[in-house]
Amino acid sequence: MQMMRIATPLARRKFLAASAAVLLPAVCAAPAHAVTAPASLTAASGKWPLVGGQAPPAAVWAYDETIPGPVLRYRQGDMLTVRLQNNLPQSSTIHWHGLRVPHAMDGVPWLTQPPVKQGDMFDYRFPLADAGTYWYHPHVNSAEQIGRGLAGAIVITHPDDPAVDADLVWQLDDWRLLESGALAPFHNRHDASHGGRIGNTVTLNGRIPDRIPVTAGHRMRLRLINTANARIFGLRFNAGNVWLFAVDGHPVQPLALKDGQLAIPPGGRADLVIDITAAPGDEITVTDDYYQRAAYRLCTLVSNGSPEDAITAGRRPPPARLPANPVAAPDFTNAIDDEVRFGGGAMSRMTGGRIRGVPADLQTMVENGLFWTINGQAMKAGDHAPLEPPLWTVKRGQTVRMRWHNDSAFPHPMHMHGHSFFVLARNGHTAPEPVLHDTVLVSPRGHADVAFVADNPGLWMFHCHIPEHQHAGMMGIFLVDD
Ligand code: C2O
Ligand code: CU
């Protein structure tokens, strides 16, 4: 895999070199830019000190001038009302990733709304059916718009949320920076045909994290969101009692992580409860070893407070399971079975595909910047409604069970709009319980078995959440017919 020159703490120190004055604030320990339901989000270009110190700030695109964008906070059942003011030098939209929204609010240009032109605005308004951790991002030129920083968290609380001493968003991102600290140019064929834009600088809530003070005995909720274009995170906590209790916003049976690896693909979320059982002065290190030959330390939680509190925390029971969100349960007695195949990319034997329904040979595909297919079709974005036939069409209310096959040499985080889906099995291993996702990582030459009730009418996107792949053909539409 390319671009493995990743930001080890060592490499990151190079950026920070010679600048003793660089004090990284406890970005993780404070609620990131807590905002209750702002009436508007303004997208615009700006500057952000990603690296800090002597390095010049990066030329980012941001919501409300902050990286990441403001955290939008609601209660389950609230109405989200947000006006997008687009001051970017190009069109944009907002997609509410993971939220089951009415079709007209989904933020997909040409499919659900006209793109919001430079200087224009658009009002989003819909009720929030589900509690949990979600996020928002543009759906226009996503590789660059998300890659330059347009992304923010959505926190939707539930009355039964676990009582915690701190409820924190950890928005993880990955940037490809040049030696100068500037963002590397976007859009290249290597990223598109290989693993996407994997960067070299990992940030947590918009800064390179380091040492984060925490309090012995505290129970913290961490809402992890992977807003990177292509980097998959595989986190390990070397101490503390850590439980995973929600995935992609939806509650799961609390699972003790121990020293196991928590993988979060681009677009994915994981909600953790961590009890700080480390004695004062002790450290909890969070490492990311998803790419085993490029493991690095993400950050270190430094415990303060009283030893007794640390001991008491070690005896706390796991958090209770949260009530499920109101997602329809599949009816397997009346399910439609289908298969979807992902093909293409480097190191595969792609011979061609269909573009807008028309067979195309490999050369034509490449000339169109298309390297990937879904069921043999490479969807090409344009300045008009999609001309591709839907990948599948189902009646509203129908249970659909599918096997998603990855015939390629790269992992793909596959994301479905308008619906959450149950992951039943991966690579033949049945999950202990079907877990709701909106994005699931399908491993190279692997497959995932999923099921969902197609209960949200409209034409929806289905795509890889590595936007370099998405724009290189790895997307399609499906129809839920009312
Ligand atoms: Cu988060 Cu269509 O994407
Ligand atoms: Cu992909």
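In case you missed it, the structure is sitting above this.
The present account deals with the structure reproduced in this document. (Residues numbered from 1 in each chain as written. Chains lettered and ligands numbered in written order. Predicted model: local features only at pLDDT ≥ 70, side-chain atom pairs only at ≥ 80, totals over all residues. Heavy atoms only, no water.)

This next bit is on the coordination of the copper ion (ligand 2). Protein coordination of the copper ion (ligand 2) is provided by His412 (ND1), Cys464 (SG) and His469 (ND1), with donor distances spanning 2.0 to 2.1 Å. Along the chain, the residues donating to the copper ion (ligand 2) are arranged with the sequence spacing H-x51-C-x4-H. Here the residue His412 occupies a position in strand β27 (residues 412-416), and Cys464 occupies one in strand β32 (residues 458-464), the gap between them amounting to 52 residues. Residue class for His412 comes out buried when judged on its relative accessible area of 0%. (Donors = N, O, S within 2.8 Å, 3.2 Å for Na, K, Ca; no water. Helix = DSSP H or I, 4+ residues; strand = E, 2+ residues; numbered from the N terminus. Buried < 20%, exposed > 50% of the residue type's maximum accessible area, 1.4 Å probe, protein only.)

Attention now moves to the side chain of Asp78. Inspection of the secondary structure puts Asp78 in the loop between β4 (69-75) and β5 (79-86). A distance of 2.8 Å separates a polar atom in the side chain of Asp78 from the backbone nitrogen of Arg75. Among residues more than four places away in sequence, those in contact with Asp78 are Phe126, Pro127 and Leu128. (Polar contact = N/O pair within 3.5 Å; in protein donor to acceptor, adjacent residues only side chain to side chain. Contact = heavy atoms within 4.5 Å.)

Residue position: Gly345 is located in the loop between β21 (335-344) and β22 (352-355). Exposure remark for Gly345: the relative accessible area of 14% places this residue in the buried category. Taking the C-alpha atoms as reference points, Gly345 and Ala409, 64 residues apart in sequence, are found 7.3 Å from one another. With near-sequence residues (within four places) excluded, Gly345 lies in contact with Ser193, Phe371 and Trp372.

Grouped together as the largest cluster of nonpolar side chains are 38 residues, with contacts concentrated most on Phe342, Trp392, Trp404, Met414 and Phe462. It is strand β31 (residues 447-454) that contributes the most residues to this core, four residues altogether. Those residues in contact with Trp392 that sit more than four places away from it in its chain are Asp338, Val340, Met402, Met416, Phe452, Phe462, Ile477, Phe478 and Leu479. Listed in part, the 34 residues of the second largest apolar core include Leu224, Phe233, Leu262 and Ala270. (Core = buried A, V, L, I, M, F, W, Y, C linked by side-chain atoms within 4.5 Å.)

Using the criterion set out here, one finds 12 aromatic pairs in the structure. Centroid distance Trp96 to Phe126: 5.6 Å. Interplanar angle 65 degrees. Geometry classified as edge-to-face. Taken together, the positions of Trp96 in strand β6 (residues 95-97) and Phe126 in strand β7 (residues 121-127) put the pair 30 residues apart, joining distant regions of the chain. Note on Phe126: relative accessible area 1%, which makes it buried. Taken together, a centroid distance of 4.8 Å and an interplanar angle of 55 degrees make the contact between Trp404 and Phe462 tilted. Of this pair, Trp404 sits in strand β26 (residues 398-406) while Phe462 sits in strand β32, placing them 58 residues apart in sequence. A single burial state applies to Trp404 and to Phe462, both of which are buried. (Phe/Tyr/Trp six-rings, centres within 6.5 Å; stacked < 30°, edge-to-face > 60°.)

A word on unusual backbone geometry. Among all residues except glycine, the phi angle is most often negative; among peptide bonds, the trans geometry is most common. With an omega dihedral of -5 degrees, the bond running from Ile67 to Pro68 counts as a cis peptide bond. Locating Pro68 in the fold gives a position in the loop between β3 (58-63) and β4. Positive phi values are uncommon outside glycine, yet Trp110 reaches one of about 75 degrees. Along the chain, the position of Trp110 falls in the loop between β6 and β7. On the basis of relative accessibility, which here comes to 38%, the residue Trp110 falls in the partly exposed class. At Asp248, a residue that is not glycine, the phi angle is positive and equals roughly 50 degrees. Counting through the fold element by element, Asp248 comes out in the loop between β15 (241-247) and β16 (250-256).

Everything listed here is a matter of coordinates, which is why it stays silent on function.
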